[in-house]
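Listed below are the residues making up each chain.
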Amino acid sequence: MTSETESKIRESGISTAEIISHFREKCKVCGHHRIMHNELGVCEGVMNKPCTSGCDIFDPE
């Protein structure tokens, strides 16, 4: 992680634990974690394998 990103996280007041739990949430549609979805909500899959569910928005479980 770049020092710029680390600085933004520190300044936000959000703890590392909160960030981790946010990205560990799974999607109801495809079952992948939030981290696998891009900024538009589209699932990009895991381990260089595209998501085949057609998930185009993150919907938390």
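Residues numbered from 1 in each chain as written. Predicted model: local features only at pLDDT ≥ 70, side-chain atom pairs only at ≥ 80, totals over all residues. Heavy atoms only, no water.

Points about unusual backbone geometry
Backbone geometry at Met47 places phi at a positive 50°, although glycine is not the residue there. Tracing the sequence through the fold places Met47 in the segment after helix H2 (16-24). (Helix = DSSP H or I, 4+ residues; strand = E, 2+ residues; numbered from the N terminus.)

Things to note about the nonpolar core
Counting six residues, the largest nonpolar core is built from Cys27, Cys30, Cys43, Cys51, Cys55 and Phe58. Residues within four places of Phe58 in sequence aside, it is in contact with Glu25, Lys26, Cys27, His32, His33, Arg34, His37 and Gly41. (Core = buried A, V, L, I, M, F, W, Y, C linked by side-chain atoms within 4.5 Å. Buried < 20%, exposed > 50% of the residue type's maximum accessible area, 1.4 Å probe, protein only. Contact = heavy atoms within 4.5 Å.)

With respect to helix H1 (residues 3-12)
Burial analysis of H1 places just zero of its ten residues in the buried class, a small minority of the element. Immediately downstream of H1, the backbone of Gly13 shows phi near 85°, a positive value.

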